[in-house]
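The lines below spell out each chain.
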Amino acid sequence: MFTINKEYKIGLRAIKTAIAVFFCAVISSFLHHEDLFCSSIAAVICMEQTYAKTIETGINRFIGTIIGGTVGYIALELSLMGPYHELVRIFALPFCILIVVYICNTVNRKGSVSIGCVVLLVILSRLGQDTTSVFLYVVDRVTDTIIGIIVATLVNRFLFVRKCKEVK
């Protein structure tokens, strides 16, 4: 069972997150991006209580996106080289997940594992589309992720700055 917290008040992190999402939507619209939500999702995920934590989360998000996107794109290209594309993709999927986990841990970015695997799954779900559009999709996702990270970082750094020291 759940209870309702009648004393809850919207906090500073929620306000900064909403502002960051607004800026991401404006930027994506201005750049005529097909999907204005991907940068907003990155901003939501990266917004933390402190600037330092936002930077760390942003770095993990960026690295995971690059690793997952690269492994996913390569796996997709390889699966298209022979017959039975769907079957190859299904059996290759667990190995690709292991590759993403391995790479993230090898570069000491355990915080990148989850997003790397999510991006890999999204890329591999694009089987049947031509690989040029998949490559452009990967580039768009990385670009959107960078936009979201930068916006979250700038909002967290310059809006509503606390007078106390950040805790790392």
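For the structure given in this document, a descriptive report is provided here. (Residues numbered from 1 in each chain as written. Predicted model: local features only at pLDDT ≥ 70, side-chain atom pairs only at ≥ 80, totals over all residues. Heavy atoms only, no water.)

1. A short note on helix α1 (residues 12–30)
Under the 1.5 Å per step criterion, the end-to-end length of α1 is 27 Å for 19 residues, consistent within 8% with the ideal 27 Å. Along α1, the residues classified as buried are K16, T17, A20, C24 and S28. End-on view of α1: buried residues confined to an arc of 105 degrees, all on one side of the axis. Across from the buried face of α1, at angles greater than 90 degrees, the exposed residues are F22 and F30. Immediately downstream of α1, the backbone of H32 shows phi near 60 degrees, a positive value. (Helix = DSSP H or I, 4+ residues; strand = E, 2+ residues; numbered from the N terminus. Expected span 1.5 Å × (residues − 1). Buried < 20%, exposed > 50% of the residue type's maximum accessible area, 1.4 Å probe, protein only. Arc of directions from axis to C-beta.)

2. Digging into the pattern of salt bridges
One pass over the full model with this rule turns up three salt bridges. Two residues, R13 and E48, come together in a salt bridge whose shortest N-O distance is 3.5 Å. Taken together, the positions of R13 in helix α1 and E48 in the loop between α2 (37–46) and α3 (51–79) put the pair 35 residues apart, joining distant regions of the chain. Relative accessible area serves as the criterion here: at 37%, R13 is assigned to the partly exposed category. E48 gets classed as buried once you look at its relative accessible area, which sits at 18%. With a shortest N-O distance of 2.7 Å, E56 and R109 are connected by a salt bridge. Of this pair, E56 sits in helix α3 while R109 is found in the loop between α4 (85–106) and α5 (113–124), placing the two residues 53 residues apart along the sequence. Given the relative accessible area of 39%, E56 is considered partly exposed. (Salt bridge = Lys/Arg side-chain N within 4 Å of Asp/Glu carboxyl O.)

3. What about the side chain of R109?
Polar side-chain contacts of R109 include one of 3.1 Å to the side chain of N60. Apart from the residues within four sequence positions on either side, R109 is in contact with E56, I59, N60, I63 and C104. (Polar contact = N/O pair within 3.5 Å; in protein donor to acceptor, adjacent residues only side chain to side chain. Contact = heavy atoms within 4.5 Å.)

4. Examining the environment of V100
Along the chain, V100 turns up in helix α4. Take V100: its relative accessible area is 0%, and that puts it in the buried class. Taking the C-alpha atoms as reference points, V100 and T70, 30 residues apart in sequence, are found 9.4 Å from one another. The residues contacting V100, other than those within four sequence positions of it, are I67, G68, V71, V113, G116, C117 and L120.

5. Let's talk about the nonpolar core
Ranked by size, the top nonpolar core spans 17 residues in total, and within it V71, V100, L120 and I123 carry the most contacts. No other element matches the seven residues that α5 contributes to this core. In this view, I123 contacts G69, G72, Y73, L76, V134, Y137 and V138; residues no more than four positions away in its chain are not counted. Core analysis: the next-biggest nonpolar cluster, separate from the first, contains 10 residues, A20, A43, V151 and A152 among them. (Core = buried A, V, L, I, M, F, W, Y, C linked by side-chain atoms within 4.5 Å.)

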